[in-house]
Amino acid sequence: MASVTLEHVKKIYDNHVVAVQDFNLNIKDKEFVVFVGPSGCGKSTTLRMIAGLEDISEGTLKIGERVVNDVEPKDRDIAMVFQNYALYPHITVYENLAFSLRIRKMDKNEIHRRVCQAAEILGITEYLARKPKALSGGQRQRVAIGRAIVREPQVFLMDEPLSNLDAKLRNQMRAEIILLRKRLDTTFIYVTHDQTEAMTLGDRIVIMKDGFIQQVGTPQEVFETPHNLFVACFIGSPQMNIFNGKLVKEANGYSVNLLGMKLNLDEEKCALLRKNNVSSMDVLVGARPEHMTVCFDNKASAINGMITVNEMMGSELHLHVAAGDSKNTILRIPTIDLTPAQRASLDAGNSIAFTFPTKVIQLFDPATEESLLYR
Ligand SMILES: Nc1ncnc2c1ncn2[C@@H]1O[C@H](COP(=O)(O)OP(=O)(O)O)[C@@H](O)[C@H]1O
Ligand SMILES: [Mg+2]
């Protein structure tokens, strides 16, 4: 078991692509950290530098207290699981699991112990005698994870290990990885482009874009206190609604005007704005679809719009609404408390009034896209 520390790590490929910029992170012993971000943001490159599969152009990488920039991959005491879990097709599952240990000339009894234990942890004991082609996709992926487990490494690296599985299996394997982590109790670094995977698996999430870390935090922190517009929109599904608004600094607080509605900000938000020396300005206002409420009585101060699409998702409706210059605002409305009349009023083509509590809104500077609240 070990910590992993990256200090000012940078990667420039031979073709001058700067894939990773000034990456600073201290991953604690036994922590489960997820790198998440859109395709091409540098996740795999960072993981491969930790594994030793790519050279580090600048900066320092430590595993435990040891600087490992120039240590061979095989001497780093880590194991990696890839998206394309290339199993050896012509040998059995047992031999696939044993392979890396045999290369290391490990004692036969020890190999047997480790293979049986990994198979047991992953629930693949009954398939040990089979060849990979006689396994389902999920079973093959378990074997791929098993090949990492038998090494008993200090650090597990996983690069989109579930991306090749269908949606149902992916959810199931995600839950299995949570259990696996509890059993192995070691350091995990996990790469995914899927924010749901990141949120459910990570103790901490590292959100990346264009080679730069955007924010590091617990799932709750990145969800509730995003540092910039990118993080706010990347985390959460459907994504956060963004409105153009005007922030007004008043005698004893702040208010926001947007789409004909005036919102007085709560004291907590006012205190944050004061602390950050924010004056009256144009702002981007963020509000999540699940925090929106429909105003059926139409009395309260509300935003008026027109429902363009009504998606019935089972326990909730996803309403797409055009309101002012905001053409596609999404509202997630639970169906359980709706009367038949209320539900009928939410058909596409109808007008709608909606609002949201100021407690949950986000405020961004339109020029820098940085949060005016959290930094
Ligand atoms: N071997 C390589 N040579 C040159 N450029 C590369 C190489 N591998 C990746 N890149 C580039 O580095 C950037 C980051 O890639 P990668 O780390 O694979 O992103 P991610 O895993 O987040 O999708 C991309 O612009 C990609 O095109
Ligand atoms: Mg990748």
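For the structure, see preceding data.
Residues numbered from 1 in each chain as written. Chains lettered and ligands numbered in written order. Predicted model: local features only at pLDDT ≥ 70, side-chain atom pairs only at ≥ 80, totals over all residues. Heavy atoms only, no water.

K.L.:
Would you mind going over the overall build of the protein chain with me for this structure?
P.N.:
Secondary structure assignment for the protein chain yields 10 helices and 20 strands. Projected onto its principal axes, the C-alpha positions of the protein chain cover 75 × 50 × 35 Å. The buried share of the protein chain, taken over its 375 residues, is 50%. The long-range share in the protein chain, meaning contacts at least 24 apart out of those at least 6 apart in sequence, stands at 67%. Accessible surface computed for the protein chain: about 17,700 Å², of which carbon and sulfur atoms make up 50%. Counting 44 positive and 45 negative side-chain charges, the protein chain places the averaged centre of each group 4 Å from the other. (Helix = DSSP H or I, 4+ residues; strand = E, 2+ residues; numbered from the N terminus. Buried < 20%, exposed > 50% of the residue type's maximum accessible area, 1.4 Å probe, protein only. Contact = heavy atoms within 4.5 Å. Areas by Shrake-Rupley, 256 points an atom, 1.4 Å probe, with all protein chains shown as cover. Lys, Arg positive; Asp, Glu negative; His and termini not counted. Charge placed at Lys NZ, Arg CZ, Asp CG, Glu CD.)

K.L.:
For this particular structure, what's the right way to read the environment of L165?
P.N.:
By the element assignment, L165 lies in the loop between strand 7 (155–159) and helix 5 (167–184). On the basis of relative accessibility, which here comes to 5%, the residue L165 falls in the buried class. Spatially, the C-alpha atom of L165 lies 31 Å from that of V17, the residues being 148 residues apart in sequence. Among residues more than four places away in sequence, those in contact with L165 are Y85, G137, G138, Q141, R170 and M173.

K.L.:
Quick question: what am I supposed to make of the pattern of salt bridges here?
P.N.:
Side chains that differ in charge, positive against negative, can pair when their charged atoms come close. Applying the stated criterion to the full structure yields 19 salt bridges. With a closest N to O distance of 3.5 Å, R114 and E152 form a salt bridge. Here the residue R114 occupies a position in helix 3 (residues 108–122), and E152 occupies one in the loop between helix 4 (137–149) and strand 7, the gap between them amounting to 38 residues. Between D203 and R181 there is a salt bridge; the shortest N-O distance is 2.6 Å. Here the residue D203 occupies a position in the loop between helix 6 (195–201) and strand 9 (204–209), and R181 occupies one in helix 5, the gap between them amounting to 22 residues. (Salt bridge = Lys/Arg side-chain N within 4 Å of Asp/Glu carboxyl O.)

K.L.:
Quick question: what am I supposed to make of helix 5 here?
P.N.:
Each turn of an α-helix holds 3.6 residues, which means side chains three or four residues apart point in the same direction. Given a rise of 1.5 Å per residue, 18 residues ought to cover 26 Å, and the 25 Å separating the end C-alpha atoms of helix 5 matches this to within 8%. Buried within helix 5 we find L169, M173, R174, I177, L180 and R181. Projected onto a plane normal to the axis of helix 5, the buried residues spread over an arc of 140 degrees and lie on a single side. Residues of helix 5 that are exposed and point more than 90 degrees away from the buried face comprise K168, L179, K182 and R183. Just beyond helix 5, the residue with positive phi is D185, at close to 50 degrees. (Expected span 1.5 Å × (residues − 1). Arc of directions from axis to C-beta.)

K.L.:
Which parts of the structure should I look at to understand the sheet that holds strand 8 (residues 187–192)?
P.N.:
In a beta sheet, neighbouring strands pair by backbone hydrogen bonds and run either parallel or antiparallel. As summarised here, the arrangement of the six strands in space is 6-7-8-3-9-10, forming an open sheet in which the pairing is mixed. Of all strands in the sheet, those with a lone pairing partner are strand 6 (78–81) and strand 10 (212–217), marking the two edges. Strand-to-strand twist of the sheet, defined as the mean angle between neighbouring strand axes without regard to direction, takes the value 15 degrees. Here strand 3 (residues 32–36) runs beside strand 8; their pairing, made up of five bridges, is parallel. Counted as the bridge partner of V33 is I189 from strand 8. Each of strand 3, strand 6, strand 7, strand 8 and strand 9 touches helix 1 (residues 43–51); the most contacted strand, strand 7, lies at about 150 degrees to it. Packed on one face of the sheet, helix 5 meets strand 3, strand 7 and strand 8 and runs near 160 degrees to strand 8. (Pairing = 2+ DSSP bridges. Axes fitted to C-alpha atoms, helices over the stretch in contact; angles between N-to-C directions.)

K.L.:
Got a minute to help me understand the site of ligand 1 in this structure?
P.N.:
Around ligand 1 lies a shell formed by Y13, N15, V17, A19, P38, S39, G40, C41, G42, K43, S44 and T45. In the model, an oxygen atom of ligand 1 is placed 3.1 Å from a nitrogen or oxygen of the G42 main chain. Interatomic distance of 2.8 Å between a side-chain N/O atom of S44 and an oxygen atom of ligand 1. Sorting elements by how many residues they give to the shell around ligand 1 places helix 1 first, with three residues. Its residues placed into classes, the shell around ligand 1 shows five nonpolar, six polar and one charged. (Near = heavy atom within 4 Å. Polar contact = N/O pair within 3.5 Å; in protein donor to acceptor, adjacent residues only side chain to side chain. Nonpolar A, V, L, I, M, F, W, Y, C, P; charged D, E, K, R; others polar.)

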